[in-house]
Amino acid sequence: MVYDVTNYLDDHPGGAEVMLEVAGKYADDMFEDIGHSNEARKQLKQFLVGPLEATEEEIAALGASGTSHSGSGSGGPLVGVVVALLAVGLGVYFYYQS
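Student: I tried to follow the overall build of the protein chain on my own but got confused; where do I start?
Tutor: When you go through the protein chain residue by residue, the secondary structure sums to five helices and two strands. The N-to-C order of helical and strand elements in the protein chain reads β-α-α-α-β-α-α. Evaluated residue by residue, the protein chain yields a buried proportion of 35% over its 98 residues. In the protein chain, of all internal contacts separated by at least 6 residues, the share reaching a separation of at least 24 is 83%. For the protein chain, the exposed area adds up to about 6300 Å²; of that, 54% sits on carbon and sulfur atoms.

Student: Whenever I open this one, a nonpolar patch on the surface confuses me. Can you help?
Tutor: A surface patch of nonpolar side chains, amounting to about 340 Å² of accessible area, comprises L90, Y93 and F94. Structurally, the position occupied by Y93 is in helix α5 (residues 77–97). For Y93, a relative accessible area of 46% gives the class partly exposed.

Student: Looking at this structure, I do not really get the packing of aromatic side chains. What am I missing?
Tutor: Given two aromatic rings, their pairing is described by the distance between the two centres and the angle made by the two planes. Summed over all chains, the structure comprises one aromatic pair. Judged by centre distance (5.5 Å) and plane angle (50°), the rings of Y8 and F47 are tilted. One end of the pair, Y8, is in the loop between β1 (2–3) and α1 (16–21); the other, F47, is in the loop between α3 (38–43) and β2 (48–50), with 39 residues separating them in the sequence. Considered together, Y8 and F47 belong to a single accessibility category, that of buried residues.

Student: How should the side chain of H12 be read in this particular structure?
Tutor: By the secondary structure assignment, H12 is in the loop between β1 and α1. We classify H12 as buried; its relative accessible area is 15%. Residues within four places of H12 in sequence aside, it is in contact with V18, M19 and H36.

Student: How do you make sense of the environment of Y8 when you look at a structure like this?
Tutor: Accessibility expressed as a relative area gives 14% for Y8, which makes it buried. Distance in space between the C-alpha atoms of Y8 and M19 is 9.8 Å, their sequence separation being 11 residues. Once residues lying within four places of it in the same chain are set aside, the contact partners of Y8 are P13, M19, Q43 and F47.

Student: Sorry, what's going on with the environment of L86 here?
Tutor: Relative to the helices and strands, L86 is located in helix α5. Through-space distance from the C-alpha of L86 to that of M19 is 9.7 Å; in sequence the pair is 67 residues apart. Non-local contacts of L86, meaning those with residues more than four positions away in its chain, are made with G24, L52 and L62.

Reading the values: rules and limits
- Residues numbered from 1 in each chain as written.
- Predicted model: local features only at pLDDT ≥ 70, side-chain atom pairs only at ≥ 80, totals over all residues.
- Heavy atoms only, no water.
- Helix = DSSP H or I, 4+ residues; strand = E, 2+ residues; numbered from the N terminus.
- Buried < 20%, exposed > 50% of the residue type's maximum accessible area, 1.4 Å probe, protein only.
- Contact = heavy atoms within 4.5 Å.
- Areas by Shrake-Rupley, 256 points an atom, 1.4 Å probe, with all protein chains shown as cover.
- Patch = residues over 30% accessible without salt bridge, like charges linked within 9 Å, V, L, I, M, F, W, Y side chains within 5 Å.
- Salt bridge = Lys/Arg side-chain N within 4 Å of Asp/Glu carboxyl O.
- Phe/Tyr/Trp six-rings, centres within 6.5 Å; stacked < 30°, edge-to-face > 60°.

Written out as structure tokens, the structure is:
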């Protein structure tokens, strides 16, 4: 899933820098390692844009090729985190371009 969390950067408890550091990268594992709360997971819903439309090659280029998809066929909420960070990166890029 794709999330646009650009407007959340200033409100992120860990600071915008944390999110920008992994913007556009596969960050599911990092999100899990931090130990985000259920509330943080619920907050993602308000930033939902839609599904990621990418080829397997594009996903692999993000570093997501099989790192957390262990045969179940579903990345669960972790996929959303990856895409959220991608959206942040794109949002920041376009914000500073205008």
